[in-house]
Amino acid sequence: MYKQSSTSLRGLFRKSQLITLFVMFSICSLTFVSISIFTMKTYVTQNLNLLGNTLSERIQPAIVFKDDTTLKQILNEYTQEHSIRTIYVFDNNNNLIANSTENPNHFSSAQRLFDHWFLSQPATFNIYHQQKIGKLQIYGSSEKILQFLLTILVGIFISLVAMLITLWLSTKMTYRFIMQAIYPLTQIAQLVSEQKAYNLRFPNNKIKEFQKINNVFNELLSEIQIWHTHLQKENTQLSFQAKHDPLTKLPNRSYFYQQLLAIFEDIDDRNHSALLFLDNNNFKMINDEYGHLAGDAVLIEMAKRIQMCLRHEDFIARLGGDEFAIIIRSIQEKQHLFKVIEKIMATSQAPLRFKDNMIDFSFSMGIAFSAYSSSPEDLITQADQAMYRAKNSSKHWAISQKP
């Protein structure tokens, strides 16, 4: 499978910086060199014209009086002090009278090349004394051009270094600014991913493009939070419905068995817990005489009254029909359990008002201790058997006969 290569933001900035520098250096160099060459060529040409006119005036007496020494001295002076490569002096018959050539310098190779490119043609001036007495040919030198170009290149190099430092600092500051803008995004995104913290929101960002992204993600997080809250509520409701009786809102048989198994997994709970089974004594008669709605009202009332007699750590469940189960925990003395039983039995003394009827109800209770049971099933059997004995007892409650 092809794996796409990735690069960092810092790497992209560096590449962009190098490309920008290369393009800027190339453009600046070509532009400045071209302008410099054109400018210097124009300058040299104008300078040659000026020098040529001046030189023809100076050497005119030396030619008239045939003073070769003075003529040579003047020519040498011009080739040494001005941008002149060679000077030739001819008479009217085109015979060479005198010449002078500049001394070689450190630009010799480059200068010969530039001389060939830009100053290959001489500047010619006629020499007059009442009439034409000769002519002067001057070949310009590109030494000043090369010096000027060298100065320009040094200036470009210094500017390039300055631009490089400036771009480096600017890129570093821009990168840091962007990373400071990105850091909250990655941090919050990581928290949302790891902790499902959909209530978090991306903060305002100084970068306009990032702020647009923040707004989109904040809207998305709002939608996700709404759906997440809705799903949590539905899951809570479904979980409650799966574990509770829809009529009395008490835990159902399945939830009761989970709690019962938990007792036998903890030695301390097993040694200090008891199971109470309750069964309504006249539930069928209530349904037949007052109707099923009255029977439901009796079950709901039984659940409320019994719950008021229990502690937070105790557990009550509706097993089905008119049967209830209670788990009493942390029994240190049996007298405590007997007090709880008496309070529960007393809840049926007051009748229930249902519409215009006063409905009396009672129930029988069987008690078994988990410490004397070998398994949850054995505990249930003991409590169930004790409950059936309680129905034939005057006090309507009985304890399992096992020691």
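Just above, that's the structure.
All figures in this text were calculated on a predicted structure; none of them were measured in a lab.

Asks: Tell me what's going on with the nonpolar core, and back it up with residues and numbers.
Replies: Residues Leu-276, Leu-278, Ile-326, Leu-337, Ile-344 and Met-365 are the most contacted members of the largest nonpolar core, which totals 34 residues. When contributions to this core are tallied by element, the ones reaching two or more residues are β5 (274-280), α8 (283-290), α9 (292-308), β7 (323-328), α10 (334-346), β8 (352-354) and β10 (363-369). For this core, the leading source of residues is α9, giving 7 residues. Residues contacting Leu-278, with those up to four places away along its chain left out, are Ile-306, Asp-322, Glu-323, Phe-324, Ile-326, Ile-344, Phe-363, Ser-364, Met-365 and Met-387. Ranked by size, the runner-up nonpolar core spans 26 residues in total, among them Val-44, Ile-63, Leu-119 and Leu-149.

Asks: For helix α5 (residues 208-243), give the residues involved together with the corresponding values.
Replies: Each turn of an α-helix holds 3.6 residues, which means side chains three or four residues apart point in the same direction. The first and last C-alpha atoms of α5 sit 52 Å apart over 36 residues, in line with the 52 Å expected at 1.5 Å per residue. The complete set of buried residues in α5 reads Phe-210, Gln-211, Asn-214, Asn-218 and Leu-221. For α5, the secondary structure elements touched by its buried residues are α4 (143-195).

Asks: Describe the packing of aromatic side chains, and please don't skip the residues or the numbers.
Replies: For the structure on display, the rule yields 7 aromatic pairs. Ring centres 5.5 Å apart and planes at 55° place the aromatic pair Phe-256 and Tyr-257 in the tilted group. With a centroid separation of 6.0 Å and 40° between ring planes, the pair formed by Phe-338 and Trp-397 is classed as tilted. Pair noted here: Phe-338 is in helix α10 and Trp-397 is in strand β11 (residues 397-399), with a separation of 59 residues, a long-range link. Classification of Phe-338 as partly exposed rests on a relative accessible area of 22%. Its relative accessible area of 17% is what places Trp-397 among the buried residues. Taken together, the aromatic side chains of Tyr-88, Phe-90 and Tyr-139 make up a single cluster linked through ring pairs. The positively charged end of Lys-135 is found above the aromatic ring belonging to Phe-90, 5.6 Å away from the centroid. Looking at Lys-243, its charged tip hangs above the ring of Tyr-255, at a distance of 5.2 Å from the centre.

Conventions and cut-offs
Residues numbered from 1 in each chain as written. Predicted model: local features only at pLDDT ≥ 70, side-chain atom pairs only at ≥ 80, totals over all residues. Heavy atoms only, no water. Core = buried A, V, L, I, M, F, W, Y, C linked by side-chain atoms within 4.5 Å. Buried < 20%, exposed > 50% of the residue type's maximum accessible area, 1.4 Å probe, protein only. Helix = DSSP H or I, 4+ residues; strand = E, 2+ residues; numbered from the N terminus. Contact = heavy atoms within 4.5 Å. Expected span 1.5 Å × (residues − 1). Phe/Tyr/Trp six-rings, centres within 6.5 Å; stacked < 30°, edge-to-face > 60°. Lys NZ or Arg CZ within 6 Å of the ring centre and 35° of its normal.

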